[in-house]
Amino acid sequence: DENAAQVLSDRKASGHAEILRQVKEKLMLAYTPCSIGAFDVSTTSGTESVGAFIYWNDGIYVTDMYRHLRIKGVSGVDDYAMMDEIIRRTLENIGEMAPDLIIIDGGKGQLDKAREALAASDVVRSDNRQPMLVAIAKDPDRAFLPTSEIVSLEDRSPAALFLKKMRDEVHRFALRYHRK
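Residues numbered from 1 in each chain as written. Predicted model: local features only at pLDDT ≥ 70, side-chain atom pairs only at ≥ 80, totals over all residues. Heavy atoms only, no water.

Chemist: What is the right way to read the overall build of the protein from this model?
Modeler: When helices and strands are counted, the protein shows four helices and eight strands. Relative to the compact-globule value of 16 Å for 180 residues, the protein shows a C-alpha radius of gyration of 16 Å, a close match. Projected onto the principal axes, the alpha-carbon positions of the protein cover approximately 55 × 35 × 35 Å. In the protein, which comprises 180 residues, the proportion classed as buried is 46%. Considering only residue pairs separated by 6 or more positions, the protein has 62% of its internal contacts joining residues 24 or more positions apart. In the protein, which carries 25 positive and 28 negative side-chain charges, the distance between the mean positions of the two groups comes to 3 Å. (Helix = DSSP H or I, 4+ residues; strand = E, 2+ residues; numbered from the N terminus. Rg over C-alpha atoms; globule rule 2.2 N^0.38 Å. Buried < 20%, exposed > 50% of the residue type's maximum accessible area, 1.4 Å probe, protein only. Contact = heavy atoms within 4.5 Å. Lys, Arg positive; Asp, Glu negative; His and termini not counted. Charge placed at Lys NZ, Arg CZ, Asp CG, Glu CD.)

In structure tokens form, the structure reads like this:
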């Protein structure tokens with residue numbers, strides 16, 4: 001039993017390490033992320049707007065780090081301002097536990113707001129690195145990078161599937177809270 005558990009653990013670790021290496025290459029990141037956070041906003045006609053944050057670290061979703069947020073400072077439909085609010089509030093709350101990579105469910109506009117929110121949050125991670133950013137949009141699936149490049153996620157590679165899974169998980173988590 002111990003040997004089987006060790007083999008399973010080794011396989012999981014090596015699989016995630018390879019996917020993260022591919023994510024680094026695909027998104028042209030400065031370093032390989034170990035922890036990833038994702039944000040999404042859910043709203044219907046500007047009422048009962050909410051945000052969500054999920055956290056993935058070393059191969060597992062860390063549900064203790066998941067956050068639901070009610071939008072407090074934005075009225076009406078302003079997805080960019082709502083994204084700015086939930087990122088600032090979450091990063092202030094988690095501080096140095098900020099992830100290596102932050103995924104934004106959205107496009108270039110949401111990415112620009114996320115960059116502003118990150119710069120304004122004064123997040124100081126324990127390793128003194130600033131989190132990297134990427135926005136992931138649908139139809140077609142693509143990633144918007146801070147360098148203004150757009151990377152297709154339609155290739156069904158393990159990295160692309162992983163990134164889309166992260167985006168879909170935060171979207172599911174936000175919708176569940178919004179419906180509640």
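Chemist: Sorry if this is basic, but what is going on with helix H3 (residues 108–121) here?
Modeler: An α-helical turn contains 3.6 residues, so a residue and the one three or four places further along point in the same direction. In a regular helix each residue adds 1.5 Å, so 14 residues correspond to 20 Å; H3 covers 20 Å between its end C-alpha atoms and thus fits that length. Restricting attention to buried positions, one finds in H3 the residues Gly 109, Gln 110, Leu 111, Ala 114, Ala 117, Leu 118 and Ser 121. Where H3 is buried, its residues touch helix H2 (79–94), strand E5 (101–105), strand E6 (132–137) and strand E7 (142–144). In the segment just after H3, Asp 122 is the residue with positive phi, at about 55°. (Expected span 1.5 Å × (residues − 1).)

Chemist: Hey, could you run me through the environment of Ile 104 in this one?
Modeler: Residue position: Ile 104 is located in strand E5. Judged by its relative accessible area of 0%, Ile 104 falls in the buried class. A C-alpha to C-alpha distance of 5.1 Å links Ile 104 and Phe 39, two positions 65 residues apart in sequence. The contact partners of Ile 104, leaving out residues within four places of it in the chain, are Phe 39, Met 83, Ile 87, Gln 110, Ala 114, Val 134, Ala 135 and Ile 136.

Chemist: Help me understand the pairing of E6, please; the structure alone is not making it clear to me.
Modeler: Regular strands have side chains that alternate between both faces of the sheet. Of all the six residues making up E6, six are buried; the element is thus mostly covered by neighbouring parts of the structure. A two-sided burial pattern is seen for E6, the buried positions comprising Met 132, Val 134 and Ile 136 on one face and Leu 133, Ala 135 and Ala 137 on the other. Pairing of E5 with E6, which is carried by five bridges, proceeds in the parallel orientation. Note on E6: the bridge partner recorded for Asp 105 is Ile 136. Running through H3, the crossover from E5 to the neighbouring parallel element E6 is right-handed. (Pairing = 2+ DSSP bridges. Right-handed = clockwise from strand over helix to strand, strands pointing away.)

Chemist: Any chance you could explain the side chain of Ser 42 here in plain terms?
Modeler: Structurally, the position occupied by Ser 42 is in strand E1 (residues 35–44). For Ser 42, a relative accessible area of 6% corresponds to the buried category. In this structure, Ser 42 is in contact with Glu 48, Ser 49, Val 50, Ala 174, Leu 175 and His 178, ignoring residues within four places of it in sequence.

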